[in-house]
Amino acid sequence: MTSPLPALIVVDVQRAFDQWEAAGKRRNNPDAVKRIADLLKAFRANGAPIFHIRHEGTKPNSTFLPSRTGYAVKDEAREQAGEPVIVKRVNSAFIGTDLEQRLRARHITTLVICGATTNHCVETTTRMAGNLGFDARLVRDATWTFDRIGPDGDAHSAEAIHAMTLSNLNGEFARIVATGDVIASFAAE
């Protein structure tokens, strides 16, 4: 028997990204954390499962070390009692964790994925979810990324990286959706 409700997977909504912005890194999608809060509210109101993913850095200078302030989750995305927190140490929430086993034990087949950053941990988790046979839905307005310099020295905007990542995932690994679509799907059931 499969679970009729999707599970929300909230990836790495941690204060380290605020520190990156404060240090001058530019991001896209400034309302992404508000959309994540909207998703959390809807999933909680409908009794749907929520899994919080937290990145723990492994390098001595990582802003994601548990001893650093960047490890903490942003207030808007903090877990509530009974909502599991899964700590990962690589880009995928499925590697080195029991996320897949937890989902399978609860017969969850549909995953709604949001968080940070679009082209790193969100993308890797989404690709693996699709490869593992889950019906993955990536929420386009509830994820974000940062400008980057490519190996050729060219500058790539966060908007372009975000759009390309969504394009790469769409149809093969996941369905790309908006927060409003996800929230409306609860009302339709």
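(A) Representation of helix α5 (residues 158–169) in the model. Taking 1.5 Å per residue as the helical rise, α5 with its 12 residues ought to reach 16 Å, and the 17 Å between its terminal C-alpha atoms agrees with that figure. Those residues of α5 that sit buried are A158, I161, H162, T165, L166 and L169. One side of α5 holds all its buried residues, which, seen down the axis, span an arc of 130°. For α5, the secondary structure elements touched by its buried residues are α4 (118–131), β5 (135–144), β6 (148–149), β7 (155–156) and β8 (175–177). Immediately beyond the C-terminal end of α5, within one or two residues, lies G171, with a positive phi of roughly 90°.

(B) Summary view of the packing of aromatic side chains. Under the counting rule described, the total for this entry stands at 8 aromatic pairs. The interplanar angle of 65° and the centroid separation of 5.2 Å between the aromatic rings of F17 and F64 together place this pair among those described as edge-to-face. Here F17, found in helix α1 (residues 16–22), pairs with F64, found in the loop between β2 (50–55) and β3 (85–88); they are 47 residues apart in sequence, far enough to count as distant. Note on W20 and F146: the rings are 5.3 Å apart at their centroids and 55° apart in plane angle, and the pair reads as tilted. Taken as a pair, W20 in helix α1 and F146 in the loop between β5 and β6 lie far apart in primary sequence, 126 residues in all.

(C) Expanded view of the pairing of strand β1 (residues 7–11). Judged by how many residues are buried, β1 sits mostly within the fold: 5 of 5 residues are covered. Burial along β1 is two-sided: A7, I9 and V11 and L8 and V10, pointing in opposite directions, are all buried. Summarising the sheet, β1 and strand β4 (residues 110–116) pair through 5 bridges and their orientation is parallel. Across the sheet, residue V11 finds its bridge partner in β4, namely G115. Both β1 and β2 contribute to a ladder of 4 bridges, which runs parallel. Within the sheet, the bridge partner assigned to L8 lies in β2 and is I50.

(D) Here's a closer look at the environment of F146. The class for F146 is buried, based on a relative accessible area of 4%. When the C-alpha positions of F146 and C121 are compared, they lie 13 Å apart, and in sequence the two are 25 residues distant. Those residues in contact with F146 that lie beyond four places of it in its chain are F17, W20, E21, K25, R26, R27, T117, A158 and I161.

Conventions adopted
- Residues numbered from 1 in each chain as written.
- Predicted model: local features only at pLDDT ≥ 70, side-chain atom pairs only at ≥ 80, totals over all residues.
- Heavy atoms only, no water.
- Helix = DSSP H or I, 4+ residues; strand = E, 2+ residues; numbered from the N terminus.
- Expected span 1.5 Å × (residues − 1).
- Buried < 20%, exposed > 50% of the residue type's maximum accessible area, 1.4 Å probe, protein only.
- Arc of directions from axis to C-beta.
- Contact = heavy atoms within 4.5 Å.
- Phe/Tyr/Trp six-rings, centres within 6.5 Å; stacked < 30°, edge-to-face > 60°.
- Pairing = 2+ DSSP bridges.

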